[in-house]
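# Report on the structure
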Amino acid sequence: MAEYIESEIMELKERYTDSICKEIVAFLNSDGGQIIIGVKDNGEIIGVKNVDETLRKLSDVITMQIEPNPQDEIRSELKFENGKTLVFLNISKGTRHIYCQKKYGFSSSGCLVRIGTTCREMTPEQIKIRYEKNFIDDEYMIKKKSSRSDLSFRELKIYYAEKGFHLSDNSIDANLNLRNKDGEYNLLAELLADQNNIPFVFVKFNGIDKSAISERNDYGYSCILSVYEKLKSRIHAENICISDTTVRPRKDIYLFDYDCVNEAVLNALVHNDWTITEPQISMFSDRIEIFSHGGLPRGMTKQQFYDGISHPRNATLMRIFLNMRLTEHTGHGIPKIISRYGKEVFDINDNYIRCVIPFDKNVMEANKNVGLNVGLNVGLNKTERKVLSLLIEDANSTAEFLSAQIGVTKRTIERTLAELQKKGRIERIGSKRDGFWRVF
C-alpha cells in the first residue's frame with residue numbers, strides 16, 4: 001500500500017473543494033505536482049464516494065476556470081487502494097509563463113505558486129515579470145508537437161529565396177524554430193510545411209444566415225503562405241465592381257474594400273490561436289466575416305487593439321510574414337479597417353475575434369448575383385477563366401493536370417498560362433519544376 005505525505009509536489013484532499021482551482025494554478029506556475037482526492041492530510045485513505053461528480057467538477061475547473069487553458073498539462077486517473085477509489089490529478093509544469101484563476105485574473109489573488117505544502121500569492125512584481133516575459137521559445141505553437149513527422153518545406157524555401165533569403169535543409173529548422181525542445185517538429189512547422197493536416201475553409205452562403213451553403217472551398221493542407229496567396233486571389237475574385245459613367249473621370253465602386261478585408265485576413269492568420277483550430281472566412285449575400293480564435297493576446301486591451309499596437313500572439317509566425325513582406329510592423333491594419341467601417345465591425349470576445357465587413361449596397365443592388373466571381377472573369381476568355389479558377393484551388397497545378405481537367409491540349413494550356421502572365425493575372429514563383437503559381 002502506498003504511503004501518501006503532503007510535500008511541495010503532492011497535495012492531499014479528503015474530497016473535492018473549490019480550493020482545488022488555486023492549487024492547480026499553483027502547481028502550473030511552479031514545477032508541477034500531484035493532487036490526490038480521497039486521502040486525509042495525515043495520509044489516511046478514505047476514498048471518493050461520488051467519482052463521476054468529482055471528475056465532472058474537475059473537468060469544469062480545468063476547462064472553464066483557469067487561464068490560459070491548461071488541458072494539455074493535466075492528466076487525471078483513478079487508482080484503487082483497500083477497495084477505495086482515489087482520483088489523481090497529475091499536473092505538469094505549465095508551458096505558458098503564467099496561469100491564473102479566471103475570476104481573479106492576473107492579480108495576486110489569481111496567480112499563485114507552490115511553496116512547500118502551501119499555495120502562496122505571487123507579488124505584483126512577480127506577476128509583471130512573468131507576464132511580460134516573451135521569449136520566442138515561450139510561444140505555445142513552438143512547443144506543441146506537430147501531428148505529423150514527415151514534413152517538408154519546399155514551398156517555404158522558394159518563398160524565402162524569392163525575397164533573397166537562402167535557407168538550407170540544415171539551417172531552416174533552427175533559423176525558423178521549427179522543432180520543440182525534444183527535437184520534434186512543432187505546430188509552427190506543420191503550418192509552414194508543404195503538406196499538413198490543417199484545413200482552411202472559405203464558405204459562401206445563400207442569403208444572410210448559415211441556413212444554406214452555396215459553395216465550400218478548402219484552401220488548406222499546405223504551407224500557410226500558399227494558403228494566404230489562395231485566399232487573396234479568392235477575395236480579389238469575389239470583389240465585384242460597378243462603374244459610374246455619369247461622372248468624369250469614371251468612378252469605380254467595389255463590393256467591399258479589398259485592403260480592409262486583406263488586413264482582417266492577415267490579422268486572423270497571424271494572431272489566431274492555432275492550438276484551438278484554424279480561422280474561418282464566411283461570405284454572405286450582404287457581408288464577409290473573418291473569424292479567428294483566442295480573443296485578444298494576453299495583456300492587450302480593446303483600445304490598444306483599435307489603436308493598432310502590435311502585440312502578436314505568434315511572434316515567430318509574425319516574423320515570417322514580415323520577412324515575406326506580407327505584413328508590416330506599422331500597426332496600420334486595424335486602424336485602416338476602423339477608419340473605413342468603424343469599430344462596430346469587430347466583435348471581440350474572450351475566445352474569439354470576428355470582423356464583419358458589410359457590402360456596398362449600391363453594388364449589391366446593381367448586381368443581384370453577388371458571388372459569381374465577376375472580378376475574376378473580367379477581360380478573360382472561357383479557358384483563361386477555368387485555368388485561373390483551378391490555380392486558385394491548387395497553385396501547384398501542372399499544364400498536364402490543367403489540360404486533363406479542362407479538356408484541351410497541353411499546348412493550349414501553355415498558351416493560356418503565357419497570356420495570363422501577360423495580363424498580370426498570374427506569376428510563376430520558383431522554377432518550372434519546383435515552383436508554383438501566384439494568382440492576382
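The sections below set out a description of the structure shown in this document.

## What about the overall build of the chain?
- Scanning the chain from N- to C-terminus turns up 17 helices and 18 strands.
- Summarising its shape, the C-alpha atoms of the chain cover approximately 85 × 50 × 40 Å along the three principal directions.
- Per-residue burial over the chain gives 49% buried out of 440 residues.
- Considering only contacts in the chain between residues 6 or more positions apart, those separated by 24 or more positions represent 63%.
- With the model as given, the accessible surface of the chain reaches about 21,800 Å², and the carbon-plus-sulfur share is 47%.

## Things to note about the nonpolar core
- Counting residues in hydrophobic clusters, the biggest one holds 86 residues, and the most contacted among them are Phe153, Trp274, Phe321 and Phe346.
- In terms of residue count, the dominant contributor to this core is helix 9 (residues 258–271) (8 residues).
- The residues touching Phe153, leaving out its near neighbours within four places in the chain, are Ile172, Asp173, Leu178, Tyr185, Ala189, Leu192, Ala193 and Asp194.
- Counting residues in hydrophobic clusters, the runner-up holds 22 residues, among them Tyr16, Phe27, Val61 and Tyr99.

## Some words on the pattern of salt bridges
- In total, this model carries 24 salt bridges according to the counting rule given.
- One salt bridge in this structure joins Arg154 and Glu155, with 4.0 Å as the shortest N-O distance.
- Taking relative accessible area as the criterion, Arg154 reaches 29% and is therefore assigned partly exposed.
- Look at Glu155 and you get buried, because its relative accessible area is 2%.
- Members of the salt-bridge network, linked through shared partners, are Asp286, Arg287, Glu289, Asp347 and Arg354.

## Section: the sheet that holds strand 1 (residues 10–13)
- Spatial ordering of the open sheet is given by 1-2-5-4, a layout of 4 strands whose pairing is mixed. The open sheet has two edge strands with one neighbour each: strand 1 and strand 4 (74–81). Taken pair by pair, the neighbouring strands of this sheet meet at an average axis angle of 20 degrees, ignoring direction.
- Contacting strand 2 (33–37), strand 4 and strand 5 (84–91), helix 2 (residues 51–64) runs over the sheet at an angle of about 15 degrees to strand 5.

## Points about the state of the cysteines
- Within this structure, the stated rule accounts for 0 disulfides.
- Its sulfur unpaired, Cys21 is 8.9 Å from the next cysteine sulfur, which belongs to Cys100.

## Some remarks on the packing of helix 9 against helix 11 (residues 315–323)
- Look at helix 9 against helix 11: their axes get within 8 Å of each other, and the N-to-C directions meet at 140 degrees. With respect to each other, helix 9 and helix 11 are oriented oblique. Only Leu317, Met318 and Phe321 of helix 11 make contact with helix 9, whose side of the interface consists of Leu266, Leu269 and Val270.

## What to know about the sheet that holds strand 13 (residues 280–283)
- Spatial ordering of the open sheet is given by 10-9-13-14-16-15, a layout of 6 strands whose pairing is mixed. Looking along the sheet, the strands with just one partner apiece sit at the ends: strand 10 (213–218) and strand 15 (346–348). Sheet twist, expressed as the average angle between the axes of neighbouring strands with direction ignored, equals 15 degrees.
- Bridging between strand 14 (residues 287–293) and strand 16 (residues 352–358) involves 7 bridges; their strand directions are antiparallel. Opposite His293, over in strand 16, you have Tyr352 as the bridge partner.

## So, the environment of Arg75
- Along the chain, Arg75 falls in strand 4.
- Discounting chain neighbours no more than four positions away, the residues touching Arg75 are Phe88, Leu89 and Asn90.

## What about the layout of surface pockets?
- A volume near 880 Å³ is recorded for the largest pocket.
- Broken down by secondary-structure element, the contributors of at least two residues to the lining of the largest pocket are helix 2 and strand 3 (66–67).
- Looking at the lining of the largest pocket residue by residue, the class counts come to 12 nonpolar, 9 polar and 11 charged.

## Quick look at unusual backbone geometry
- Going from Glu67 to Pro68, the amide bond is cis rather than trans, its omega being -10 degrees.
- Phi at Asn177 is positive, roughly 55 degrees, even though this residue is not glycine.
- Summarising the element assignment, Asn177 is placed in the loop between helix 6 (172–175) and helix 7 (187–192).
- On the accessibility criterion, Asn177 (24% relative accessible area) is partly exposed.

## Concerning the side chain of Glu229
- Here Glu229 shows up in helix 8 (residues 224–238).
- Setting aside its immediate chain neighbours within four residues, Glu229 contacts Tyr159, Leu326 and Arg438.

## Some thoughts on the pairing of strand 14
- In terms of burial, strand 14 is a largely internal element, 7 of the 7 residues being buried.
- With burial as the criterion, each face of strand 14 is covered, one bearing Arg287, Glu289, Phe291 and His293 and the other bearing Ile288, Ile290 and Ser292.
- Sheet topology places strand 13 next to strand 14; 4 bridges connect them, and they run antiparallel. Each residue of the ladder has a partner; that of Met283, found in strand 14, is Ile288.

Definitions and limits used
Residue positions are counted from 1 within each chain, in the order its sequence is given. Per-residue local features of the predicted model are confined to residues with pLDDT of at least 70, and side-chain atom pairs are confined, for both listing and counting, to 80 or more; whole-chain, interface and lining totals are unaffected and use all residues. As a rule here, side-chain values cover all heavy atoms of the structure and leave hydrogens and water aside. The secondary structure listing takes helices from DSSP runs of H or I that are at least 4 residues long and strands from runs of E that are at least 2 residues long, numbered from the N terminus. When accessible area is computed with a 1.4 Å probe and restricted to protein chains, residues below 20% of their type maximum are described as buried, those above 50% as exposed, and intermediate ones as partly exposed. Residues count as neighbours in contact if any of their non-hydrogen atoms are within 4.5 Å of one another. We get accessible surface area from the Shrake-Rupley algorithm with a probe of 1.4 Å; when it comes to residues, only the shown protein chains can shield them. Residues grouped as a nonpolar core are buried Ala, Val, Leu, Ile, Met, Phe, Trp, Tyr and Cys residues, joined through side-chain atoms within 4.5 Å. Should a side-chain nitrogen of Lys or Arg be within 4 Å of a carboxyl oxygen of Asp or Glu, the pair is scored as a salt bridge. The criterion for strand pairing is that DSSP finds at least two bridges linking the strands in question. In this analysis, axes come from line fits to C-alpha atoms, helices being fitted only over the stretch in contact, and the angle between any two N-to-C directions falls in the range 0 to 180 degrees. Pairs of cysteine sulfur atoms within 2.5 Å are what we label disulfides. Throughout this description, any angle smaller than 35 degrees is read as roughly parallel, any larger than 145 degrees as roughly antiparallel, any in the 65 to 115 degree range as roughly perpendicular, and the remainder as oblique. In this analysis, the protein atoms alone were mapped onto a 1 Å grid. Cavities are point sets where a 1.4 Å probe fits without being able to get out; pockets are open sets with protein on both sides within 12 Å along at least five of seven lines; lining residues have an atom within 4 Å of a point. Grid points are joined across faces, edges and corners, and a volume is the space filled by probe spheres set on the points. All residues other than Ala, Val, Leu, Ile, Met, Phe, Trp, Tyr, Cys, Pro, Asp, Glu, Lys and Arg, Gly among them, are scored as polar; the first ten of these are nonpolar and the last four charged.

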